[in-house]
Amino acid sequence: VEDSNAGSGTMTGVTVGTVSGTGSIDGAALINITVEQDMLGTIIAHGAGTMNGVTVGGTVGGTITAVEDSNAGSGTMTGVTVGTVSGTGAIDGAALINITVEQDMLGTIIAHGAGTMTGVTVGGTVAGTITAVEDSNANSGTMTGVTVGGVSGTGAIDGAVLINITVEQDML
């Protein structure tokens, strides 16, 4: 729990097998969090709202969220690697840096608020949406360095300013 104590709410080096639909990993600053198999519940950083080094070995069918608020740098998510993202799965933050989906991405990857995204890789097909939302924040909606295997007929890569976007195979 984050309170008035400096550094409170920080969680470092947590490893679990799976997270069920009712399960959650919840803190202010999350560092080196590993879910060895599927993550169907919630991983959330709020308050400080930062996340650095989250690994899910299986499918994300729940939500991985870094909440942006009045704290400087909140909503920043760095170094997230997951196996797949299902249709119900979401990776959600203000500034997303070095996000990797090793196989297919059927759900949502979204940056809003700060609304920037740098270094997103999807090894398989995007059948969901990758979105950087533009609003009143400077540079919001900017997406840089996105590489995906393919984009299906239901897939979308959506932003205000797109820089160095690569689709290695079909873009349907």
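Right, let's walk through the structure included here.

Rules used in this analysis
- Residues numbered from 1 in each chain as written.
- Predicted model: local features only at pLDDT ≥ 70, side-chain atom pairs only at ≥ 80, totals over all residues.
- Heavy atoms only, no water.
- Helix = DSSP H or I, 4+ residues; strand = E, 2+ residues; numbered from the N terminus.
- Rg over C-alpha atoms; globule rule 2.2 N^0.38 Å.
- Contact = heavy atoms within 4.5 Å.
- Areas by Shrake-Rupley, 256 points an atom, 1.4 Å probe, with all protein chains shown as cover.
- Patch = residues over 30% accessible without salt bridge, like charges linked within 9 Å, V, L, I, M, F, W, Y side chains within 5 Å.
- Salt bridge = Lys/Arg side-chain N within 4 Å of Asp/Glu carboxyl O.
- Lys, Arg positive; Asp, Glu negative; His and termini not counted.
- Charge placed at Lys NZ, Arg CZ, Asp CG, Glu CD.
- Core = buried A, V, L, I, M, F, W, Y, C linked by side-chain atoms within 4.5 Å.
- Buried < 20%, exposed > 50% of the residue type's maximum accessible area, 1.4 Å probe, protein only.
- Polar contact = N/O pair within 3.5 Å; in protein donor to acceptor, adjacent residues only side chain to side chain.

### Here we look at the overall build of the protein
Thought 1: In terms of regular secondary structure, the protein is built from zero helices and eleven strands.
Thought 2: Along the chain direction, N to C, the helices and strands of the protein fall in the order β-β-β-β-β-β-β-β-β-β-β.
Thought 3: Here the C-alpha radius of gyration of the protein, 15 Å, is about what a compact globule of 172 residues would show, namely 16 Å.
Thought 4: Viewed in the frame of its principal axes, the protein has a C-alpha envelope of about 50 × 40 × 20 Å.
Thought 5: Long-range contacts, defined as pairs at least 24 residues apart, comprise 26% of the intrachain contacts of the protein with a sequence gap of at least 6.
Thought 6: As presented, the protein carries roughly 7,500 Å² of accessible surface, and 48% of it is formed by carbon and sulfur atoms.

### A few points about a negative patch on the surface
Thought 1: A cluster of acidic residues, Glu2, Asp3, Glu68, Asp69, Glu134 and Asp135, forms a negative patch at the surface.
Thought 2: Turning to its location among the elements, Glu134 is positioned in the loop between strand E8 (129–132) and strand E9 (142–151).

### So, the nonpolar core
Thought 1: In this structure, Ile43, Ile64, Met77, Val82, Ile109 and Ile130 are the most contacted members of the largest nonpolar core, which totals 35 residues.
Thought 2: Listed by contribution, the elements that provide at least two residues to this core are strand E2 (24–35), strand E3 (42–60), strand E4 (63–66), strand E5 (76–85), strand E6 (90–101), strand E7 (108–126), E8 and E9.
Thought 3: Setting aside anything within four residues of it in sequence, one finds Val82 in contact with Val56, Gly58, Val60, Ile64, Ile91, Thr100, Val101 and Glu102.

### Things to note about the side chain of Thr142
Thought 1: Locating Thr142 in the fold gives a position in strand E9.
Thought 2: In this structure Thr142 comes out as buried when scored by relative accessible area, which is 17%.
Thought 3: Of note is the side chain of Thr142, whose polar atom sits 2.7 Å from the backbone oxygen of Asn139.
Thought 4: Aside from chain neighbours lying at most four places away, what touches Thr142 is Gly115, Thr116, Met117, Ala132, Val161 and Ile163.

Without other data, these values stay purely geometric and don't point to any function.
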